[in-house]
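# Descriptive structure summary
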Amino acid sequence: MLDIQIHSGAVEISGSFDMGYMGRYGADQIRLYEDPDLLRCREFVTRALGPDCSDGDLSAFLTEYFNAFEEKIHQNRKQVNDCFLIHVFRDLEACGYPYWEIDGLTRREFLPEDPDEDVYSPHWDEMDALDMACSDTPNDGSLEKPDVEAVLRRNFPSMDWDALLGSIVPEVLTLTGGRRVLSFQCSDGFGEALLCGAYDELDETLAFCEWHNH
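Quick caveat: nothing in here was measured; it's all calculated off a predicted structure.

## Concerning the side chain of E93
Positionally, E93 belongs in helix α4 (residues 77-94). It turns out E93 is buried and unbridged, and the closest side chain with the opposite charge, R90, is 7.8 Å from it.

Here is the structure:
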């Protein structure tokens, strides 16, 4: 949970924000760049407080607003995590990324004899359908979705998914509010450019709106 305080025009943030598989972001990694006077003019603030709210009222509102969004992520953790995973996988598959060459990321007993030919290609159609079902859609529980993580673990047992997820390094979380509530940036801990400054923005329905990696 976060505590957001505004004093003499300066924003101070304490606490942390849990983004599931994308990592837990500490106060020193969380940004709220807008000046408080500009925040007062944002629709999501004026709708709740009007344009002339005090620093105390604005602080309390922003704290409640972003903590409620964190709780929304928690309540829909499965779909949010799955959406992150399908984005990560789509990038790996698109370039035929040879993750099996990375020590600590490969379960070699499950690796086919010719991984360059036989890791990704047998599952192209199924994974394309999974991507279509999960991309550009809400992750707030309003739609029923397939279990992305279960499919990835079944189809790609040679990838040590636990090792990858355990290596995620949270970097920056930017709070914006409104239609797109926040953005995150994270990398993996293997240093092999699987995830390098991976970035996305979440809207009010927890949809991922702007995926970039590298």
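## Considerations on the pairing of strand β7 (residues 198-203)
For β7, a buried count of five out of six residues is recorded, marking the element as mostly surrounded by other parts of the structure. The pairing of strand β6 (residues 180-187) with β7 spans six bridges and is antiparallel. Bridge pairing in β7 places F184 opposite D200.

## Comments concerning the sheet that holds strand β2 (residues 10-18)
If you walk across this open sheet you meet the three strands as β1-β2-β3, and the pairing is antiparallel. Edge strands, defined here as strands with exactly one partner in the open sheet, are β1 (2-7) and β3 (24-26). Ignoring which end each strand starts from, the neighbouring axes of this sheet average 15° apart. By the bridge criterion, six bridges tie β1 to β2 in an arrangement that is antiparallel. For Q5, the partnering residue across the bridge sits in β2 and is E12. Running at roughly 160° to β1, helix α3 (residues 55-75) makes contact with β1 and β2 of the sheet.

## Let's talk about a negative patch on the surface
A cluster of acidic side chains, namely E101, E113, D114, D116, E117 and D118, defines a negative patch on the protein surface. Since its relative accessible area comes to 86%, E113 is described here as exposed.

## Quick notes on the nonpolar core
If you look at the biggest cluster of nonpolar residues, it comprises 61 residues, and the most contacted ones within it are M19, L62, F84, L175 and F184. The element contributing the most residues to this core is α4, with eight residues. Look past the residues within four positions of F184 in its chain and what remains in contact with it is M19, M22, Y25, F84, V172, L173, A198, Y199, D200, L202, F208 and W211.

## What to know about the pattern of salt bridges
Enumeration according to the criterion identifies 13 salt bridges in this entry. Of the charged contacts, one joins D18 and R24 as a salt bridge, the two residues approaching to 3.5 Å between their closest N and O atoms. Classification of D18 by relative accessible area gives buried; the value is 10%. Residue D37 is joined to R40 by a salt bridge in which the shortest nitrogen-to-oxygen separation is 3.1 Å.

## What to know about the packing of aromatic side chains
Counted under the stated rule, the structure contains 13 aromatic pairs. Ring geometry for F61 versus Y65: centroids 5.7 Å apart, planes at 35°, classification tilted. Highlighted residues: F61 and Y65, both in helix α3, separated by four residues, approximately one helical turn. Pair check on accessibility: F61 and Y65 agree, each one buried. A ring pair is formed by Y99 and W100, whose centres lie 5.1 Å apart and whose planes are at 70°; its orientation type is edge-to-face.

## Considerations on helix α7 (residues 148-155)
Those residues of α7 not exposed but buried are V148, E149, V151, L152 and N155. On an axial view of α7, the arc spanned by its buried residues comes to 165°, and they lie on one face.

## Considerations on the side chain of D188
The topology assignment puts D188 in the loop between β6 and β7. At 3.4 Å, the side chain of D188 and the backbone nitrogen of G191 are in polar contact. Of the polar contacts made by the side chain of D188, one reaches the backbone nitrogen of L195; its length is 2.8 Å. Aside from chain neighbours lying at most four places away, what touches D188 is L164, S167, I168, V169, A193, L194 and L195.

## Side note on unusual backbone geometry
We note that S8 has phi near 55°; this positive angle belongs to a residue other than glycine. Its place among the elements puts S8 in the loop between β1 and β2. At A193, a position not held by glycine, the phi torsion is positive, near 65°. Along the chain, the position of A193 falls in the loop between β6 and β7. Under the relative-accessibility criterion, A193 is labelled partly exposed at 39%.

Cut-offs and rules
Counting restarts for each chain, with residues numbered from 1 along the sequence as it is written. Totals for whole chains, interfaces and linings use all residues, but because this is a predicted model, local features are given only for residues with pLDDT of at least 70 and pairs of side-chain atoms are given and counted only at 80 or more. To get the side-chain values, all heavy atoms of the structure are used, and hydrogens and water are removed first. Here a helix means four or more residues in a row that DSSP labels H or I, a strand means two or more in a row labelled E, and each is numbered from the N terminus. Three labels apply to residues, based on accessible area from a 1.4 Å probe with only protein chains included: buried if under 20% of the type maximum, exposed if over 50%, partly exposed otherwise in between. As used throughout, the charge tally considers Lys and Arg to be positive and Asp and Glu to be negative, leaving His and the chain termini uncounted. Salt bridge, as used here: a side-chain nitrogen of Lys or Arg that lies within 4 Å of a carboxyl oxygen of Asp or Glu. Between any two strands, at least two bridges found by DSSP are needed for them to pair. Note on definitions: angles span 0 to 180 degrees between N-to-C directions of axes, and those axes are lines fitted to C-alpha atoms, for helices only across the stretch in contact. Between two residues, a contact is recorded if the distance between any of their heavy atoms is within 4.5 Å. Put simply, a patch holds well-exposed residues, over 30% relative accessible area, that have no salt bridge, with like charges counted together within 9 Å and Val, Leu, Ile, Met, Phe, Trp or Tyr side chains within 5 Å. Under the convention used here, a 1.4 Å probe and the Shrake-Rupley method define accessible areas, while residue burial counts only the protein chains that appear. Taken as the charge location is NZ of Lys, CZ of Arg, CG of Asp or CD of Glu. Take the buried residues of types Ala, Val, Leu, Ile, Met, Phe, Trp, Tyr and Cys, join any two whose side-chain atoms come within 4.5 Å, and each joined set is a nonpolar core. By convention, a stacked pair of Phe, Tyr or Trp rings (six-membered ring in the case of Trp) has centres within 6.5 Å and planes under 30 degrees apart, an edge-to-face pair has planes over 60 apart, and any other such pair is tilted. Throughout, the arc means the angular range of directions from the helix axis out to the C-beta atoms. Polar contact criterion, stated in full: a pair of N or O atoms within 3.5 Å, where within protein one must be able to donate a hydrogen and the other to accept it, and residues adjacent in sequence count only if both atoms are side-chain atoms.

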